Amino acid sequence: MKINGPNHSNFNPYKKNIQNQQQASETTAKKDKIEISNEAKQMQEHQKAQETRKKHVEALKQKVDAGEYQVDAKQTAEKMINFWKNR
């Protein structure tokens, strides 16, 4: 047998405080955040550059193997001279 006191309504005087706490916890919930260091960004860029270079080298190898690769001797000589002048 359940005995209720003289004020047996379902009134909870702390209900408002509980609701305020729940709302506050929902608004201040932390969100996930990710940060990538500068070193990691440089490594990613370096890796992309290596992949691009690898593809370029493979294309050149295929041209050389097929006999389609032609060297411009004049342009090569000019670049060699410029390289040695700047040192």
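Below: a short report on this structure. (Residues numbered from 1 in each chain as written. Predicted model: local features only at pLDDT ≥ 70, side-chain atom pairs only at ≥ 80, totals over all residues. Heavy atoms only, no water.)

A separate point is the environment of Lys63. For Lys63, the position within the fold is in helix H2 (residues 38–66). With relative accessibility at 41%, the residue Lys63 sits in the partly exposed group. Those residues within four positions of Lys63 in sequence are excluded, and the remaining contacts are Glu68 and Tyr69. (Helix = DSSP H or I, 4+ residues; strand = E, 2+ residues; numbered from the N terminus. Buried < 20%, exposed > 50% of the residue type's maximum accessible area, 1.4 Å probe, protein only. Contact = heavy atoms within 4.5 Å.)

With the rule as written, the count across this model stands at 1 aromatic pair. Between Phe83 and Trp84, the ring centres sit 5.1 Å apart and the planes meet at 80 degrees, which makes this aromatic pair edge-to-face. The class for Trp84 is exposed, based on a relative accessible area of 58%. (Phe/Tyr/Trp six-rings, centres within 6.5 Å; stacked < 30°, edge-to-face > 60°.)

The next thing to look at is the pattern of salt bridges. The full count for this structure, using the stated rule, is 2 salt bridges. Among the salt bridges present, the one from Glu35 reaches Lys33, with a minimum N-O distance of 3.6 Å. For Glu35, a relative accessible area of 66% gives the class exposed. The exposure class assigned to Lys33 is exposed, which follows from its relative accessible area of 70%. The shortest N-O distance in the salt bridge between Lys61 and Glu58 comes to 3.9 Å. With a gap of 3 residues between them, Lys61 and Glu58 both fall in helix H2, about one helical turn apart. According to the relative accessible area criterion, Lys61 is partly exposed, its value standing at 47%. (Salt bridge = Lys/Arg side-chain N within 4 Å of Asp/Glu carboxyl O.)

Limitation: the analysis is restricted to geometry and does not speak to function.
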